[in-house]
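Results of the structural survey
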Amino acid sequence: MSPAVRKVEASGEGRFICVQWEDGSESSYPCVWLRDSCQCPLCFLPSAGARRLPLEDLDVNIAVKQVALADSKKISITWPDEHTSEYEAEWLKKRCFSEEARAIMRADLFLPERQYWGSDLQLPKIPFEEIMYNDESAYKWLCTLKKVGIVLLTGAAARQGELIRLGHRIGFLRLTFYGPTWQVQDKADANNVAYTTGRLCLHTDYPVLQHPPGVQFLHCIKQTAAGGESEVVDGFHVSNKLKKQNPEAYQILTSTTVDYTDVGVDYCGFAVHCKQRIIDTDSRGQATRINYNNATRDTVFDIPAEKVRPFYAALKEFNDLLNSPEHKFTYKLKPGDILTFDNWRVLHGRQSYPSCPDVTRHLEGAYADWDVVMSRLQLLRKMVLNRD
Ligand SMILES: [Zn+2]
């Protein structure tokens, strides 16, 4: 049911418009925002869904000349220069500035809800072909990926190329210096610690990039008989634990910039350097991205000498928490499994496996950006919920 307007009036010397809704609630809209958001063809290009009105033409002190109710579903405003604007009730209601309405809009656009987990994780599983051909399944996959941070897709073919298909399903993959997709297997003269049979400590991929890949896909093509188990940890959950357990250590890891480096040849030659905080946080101090890979953490360390030891102590405490059995979930991938996870949140590692002249374990990996994944999620949601 779309909202209806009972009454509309100017307030605050014409700098606000107050809307009384039929359900008895009220919303107040600043006039500068209303003028800026005018939906007329002069001010707005509907085909692009974009604003045409330049900020130069906006008077930040603007007040309304006249406001009227066109009908219960639309209000009309005349500005001092006789320009007129019309706003649909439903459009206005969605954009109400109340704390409550903004929280609803935020949840709709960004799906910030998180479900934390430890070793007790019930790994969400969905058949690969289902998400490829069924929009509801694909929507469920991406919602779960956002909320839980990890989803296992099952039953893909045990051959290279499935991740390319998956990339087409969401839009496109993220190209890096390791190629559009990359092969995790034991390689002579490995240019990356992943390309050995050794144990891989818990890490996030690619903190050496300024914008590390948001989502990672690992497709198991071949699995060794002994060893090679995958380990994953909810980095946001562990960050919360650290914050509680040792606020000072948390403060150090959320403020100190660490140097990362990666130099070599793969898709093309590369020599990358970057500064990252181990834990990125938002304005409320909540973890938003973990940037931790001990293998590519540089020996160059651009901080004052007296801050070095306290940093290591803090990092070690975080590392200990990550590795504690209550936080670590272990799973051995089977051929045809595709592990999809939030690379900004979930740290992953691998147990070692016996080295052998033949390739006994082969994963194909790929990345996608959260921008692309969230975009696909929103499009799928519109389709599934049949909304516009
Ligand atoms: Zn206009």
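So, how was this worked out
- Chains are numbered independently. Their residues run from 1 in the order of the written sequence.
- Given that this is a predicted model, residues contribute local features only at a pLDDT of at least 70 and side-chain atom pairs are listed and counted only at 80 or more, while totals for whole chains, interfaces and linings are drawn from all residues.
- A run of DSSP states H or I qualifies as a helix once it reaches four residues; a run of E qualifies as a strand once it reaches two. Both are numbered from the N-terminal end.
- Burial in this document is a count-based property: other C-beta atoms within 10 Å of a residue's C-beta are tallied, and the residue is buried at 20 or more, exposed at 12 or fewer, or partly exposed in between, with C-beta positions derived from the backbone.
- Domain ranges listed in this record stem from an automatic or a database domain assignment.
- Nonpolar core, as used here: buried Ala, Val, Leu, Ile, Met, Phe, Trp, Tyr and Cys residues forming one set through C-beta atoms within 7 Å.
- Here, residue contact means that the backbone-derived C-beta atoms of the two residues sit within 7 Å.
- For two strands to be treated as a pair, DSSP must find at least two bridges joining them.
- Note on geometry: axes are lines fitted to C-alpha atoms, helical ones only across the stretch in contact, with angles between N-to-C directions running from 0 to 180 degrees.

Relative to the helices and strands, Glu-113 is located in the loop between helix H3 (99–110) and strand S9 (125–127). You can call Glu-113 exposed: it has 10 C-beta atoms within 10 Å. For the pair Glu-113 and Trp-182, spaced 69 residues apart in the sequence, the C-alpha separation amounts to 31 Å.

Okay, the domain arrangement of the chain next. On domain assignment, one finds that the chain holds domain 1 (5–110) and domain 2 (125–258 + 276–293 + 304–385). For domain 1 versus domain 2, the separation of C-alpha centres amounts to 43 Å.

This part takes up the nonpolar core. The biggest cluster of nonpolar side chains holds 65 residues, and the ones touching the most others in it are Leu-142, Leu-253 and Ile-338. Examining the composition of this core, we find that 6 residues originate from one element, helix H5 (residues 135–148), more than from any other. The contact partners of Leu-253, leaving out residues within four places of it in the chain, are Arg-277, Ile-278, Ile-279, Ala-314, Leu-315 and Phe-318. Counting 13 residues, the second largest nonpolar core, distinct from the first, contains Val-5, Tyr-29, Val-64 and Ile-77.

On to unusual backbone geometry. In the Ramachandran plot, Glu-13 falls in the positive-phi region, its phi being about 55° despite a non-glycine side chain. Positive phi is not limited to glycine here, since Tyr-206 has a value of about 65°. By C-beta crowding, Tyr-206 is classed as buried, having 23 other C-beta atoms within 10 Å.

The strand order across the open sheet formed by 4 strands is S12-S21-S14-S19, and the pairing between neighbours is antiparallel. Each end of this open sheet is capped by a strand with a single partner; those strands are strand S12 (200–203) and strand S19 (328–331). Averaged over all pairs of adjacent strands, the angle between strand axes in this sheet comes to 20°, irrespective of strand direction. Two elements, strand S14 (residues 230–234) and strand S21 (residues 346–350), share 5 bridges in a ladder whose sense is antiparallel.

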